[in-house]
Amino acid sequence: MYWKCQKEAGSNELLNQITEQIPNPVLVSNEAGWVIGANGAVMRLTGWSFQELTTGRMTVFRHNSPIDDWYNLGGDEGHGLEVCLEKQDGMRLKLPIESVFTYRPPGQAVVAILREFSPQQEEYVQNLLTKYIIRAQEDERKRVSRELHDELGQNIYSVLVGLQVLEKAMPEAVQIQNLQQMVARSLAMLKNIAVELRPSTLDDLGLAAAIRSFLKHFEQTYGIEGQLTVSGEQHRYEPEIETALYRICQEAMLNVAKYAKVTEVQVFLQNYPDQLNLIVEDQGVGFDVGQLEIQGTGLGLYGMKERAQLVGGKVEIVSQVNLGTRVQATIPLTEKGGIWHAH
Ligand SMILES: Nc1ncnc2c1ncn2[C@@H]1O[C@H](COP(=O)(O)OP(=O)(O)O)[C@@H](O)[C@H]1O
Ligand SMILES: [Mg+2]
């Protein structure tokens, strides 16, 4: 157990020994709700050093009421109380309090033993992990895509320009023309790969622009015409939301190309003050939503749902054989400082 002041540390030898033995996080707070003691588990969970923990990054509350409530609680009545910990990486953890007791001199300090994970907490941590993985994956794709496009793309372009100069100097050399075509094709392929990895439009210009350019690309590749209808006032959304909806759109469109047997597809992006909807709709062969294993893996549909859930939204799929398929992602929103966040 770490203490804010040396005197406390010395006078709590037994408590120190016990709290360092148990795996649960243990916190001691003073009347004002400030942390004055914490065991190693708290440091491990949050990533903060004890000095950092005591600079007010931790708040203790119960249904938004202050620490005073703690003093009215007996040994086992900690339920309903939570400690909100801000971790070093900026993420928030809410830990339920297992039990709480006041410690001598009475009323001056409260010891709270926390539960590391409730079932909700497990789910929350699991979601955080998935979010981290998705974020890392997207960051990596962004990096590789930019490098391909800006570095390698520029180099290949220079080779192309050089070949054009050579061709003028030696118009009779057929090989130069062949090389030129090959290099031009390679450049086009490289740009395709860079855009597929992660289009820079998504970060630079936002969701609608990225979907619009994806549709163009999609039409060139699959010969299916995509129409985008954007309604409501457009904003920039949290990057996680924009990425999630872009990837959902991509997967739904690829399914259209693979299965729907259509020549056109409709995409709607509906901006509401408190909600963002993405709809991908085709009038193709449709499928029985309850019988997914028949054709494909079902992983695509699952992935779309998971991506939406991670930003607090959902995906609904409605499909009827021979009438078509409609994939709708709905993300509830709140605005903070000009950027729209998930709830
Ligand atoms: N737009 C669509 N039109 C017709 N069938 C579809 C459509 N989207 C999905 N499906 C059906 O749902 C199944 C599951 O899709 P998905 O989870 O994306 O898996 P996968 O794409 O790997 O097959 C597909 O195999 C297909 O049978
Ligand atoms: Mg799929």
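What you are looking at is a predicted structure, and each value in this text was computed from that prediction instead of being measured. (Residues numbered from 1 in each chain as written. Chains lettered and ligands numbered in written order. Predicted model: local features only at pLDDT ≥ 70, side-chain atom pairs only at ≥ 80, totals over all residues. Heavy atoms only, no water.)

A four-donor tetrahedral metal ideally has 109.5 degree angles, and a six-donor octahedral metal ideally has angles of 90 or 180 degrees. Protein-derived coordination of the magnesium ion (ligand 2) comes from Glu-251 (OE) and Asn-255 (OD1), at a distance range of 2.1 to 2.2 Å. Here Glu-251 pairs with Asn-255, and both are found in helix 9 (residues 239-260), just four residues apart, close to one helical turn. (Donors = N, O, S within 2.8 Å, 3.2 Å for Na, K, Ca; no water. Helix = DSSP H or I, 4+ residues; strand = E, 2+ residues; numbered from the N terminus.)

Right, let's talk about the pattern of salt bridges for a bit. Applying the stated criterion to the full structure yields eleven salt bridges. With a closest N to O distance of 2.8 Å, Glu-240 and Arg-135 form a salt bridge. Here Arg-135 lies in helix 5 (residues 119-169) and Glu-240 lies in helix 9, a separation of 105 residues in the sequence. Of the charged contacts, one joins Asp-203 and Lys-142 as a salt bridge, the two residues approaching to 3.6 Å between their closest N and O atoms. You can see Asp-203 sitting in helix 7 (residues 200-204) and its partner Lys-142 sitting in helix 5, a full 61 residues away along the chain. (Salt bridge = Lys/Arg side-chain N within 4 Å of Asp/Glu carboxyl O.)

One finds Ile-211, Ile-241, Leu-245, Met-253, Val-267 and Leu-278 to be the most contacted residues of the largest nonpolar core, which totals 40 residues. Elements supplying a minimum of two residues to this core: helix 8 (207-222), helix 9, strand 9 (264-272), strand 10 (275-282), helix 10 (299-310), strand 11 (314-320), strand 12 (324-336) and strand 13 (339-342). Top contributing element to this core by residue count: helix 9, with ten residues. Ignoring any residue separated from it by four or fewer positions in sequence, one finds Leu-278 in contact with Ile-211, Leu-245, Ile-248, Cys-249, Val-267, Phe-268, Leu-269, Val-327, Gln-328 and Ala-329. (Core = buried A, V, L, I, M, F, W, Y, C linked by side-chain atoms within 4.5 Å. Buried < 20%, exposed > 50% of the residue type's maximum accessible area, 1.4 Å probe, protein only. Contact = heavy atoms within 4.5 Å.)

A complete count under the given rule lists four aromatic pairs for this structure. Through a chain of ring-to-ring contacts, three or more aromatic side chains come together here, namely Phe-214, Phe-218, Tyr-222 and Tyr-246. (Phe/Tyr/Trp six-rings, centres within 6.5 Å; stacked < 30°, edge-to-face > 60°.)

The subject of this paragraph is the pairing of strand 7 (residues 109-114). Across the six residues of strand 7, five count as buried, placing the element largely inside the fold. In this sheet, strand 7 lies alongside strand 2 (residues 26-30) in antiparallel orientation, the contact comprising five bridges. Across the sheet, residue Leu-27 finds its bridge partner in strand 7, namely Ala-112. (Pairing = 2+ DSSP bridges.)

When pLDDT is averaged along the protein, the result is 84; 85% of the residues meet or exceed 70. pLDDT under 50 marks residues 61-78. Its contacts with residues more than four places away, or in other chains, come to 36 contacts. (pLDDT = per-residue confidence, 0-100.)

Quick look at the pairing of strand 12 now. One ladder, built from eight bridges, connects strand 10 with strand 12; its direction is antiparallel. Considered in strand 12, the bridge of Leu-276 is made with Ile-331. Looking at chain direction, strand 11 and strand 12 are connected through seven bridges and run antiparallel. Residue Val-318 lies in a different strand from strand 12, and its bridge partner there is Arg-326. Hairpin connection, strand 11 to strand 12: the antiparallel pair is bridged by three residues, and Asn-322 has positive phi, about 70°. Across four bridges, the pairing between strand 12 and strand 13 is antiparallel.

What follows concerns unusual backbone geometry. With a phi angle near 60°, Lys-261 is a residue other than glycine that sits in the positive phi range. Relative to the helices and strands, Lys-261 is located in the loop between helix 9 and strand 9. Overall, Lys-261 belongs to the exposed group, its relative accessible area being 72%. A positive phi angle, near 70°, is found at Asn-322, a position not held by glycine. Positionally, Asn-322 belongs in the loop between strand 11 and strand 12. Asn-322 sits in the exposed class, given a relative accessible area of 61%.

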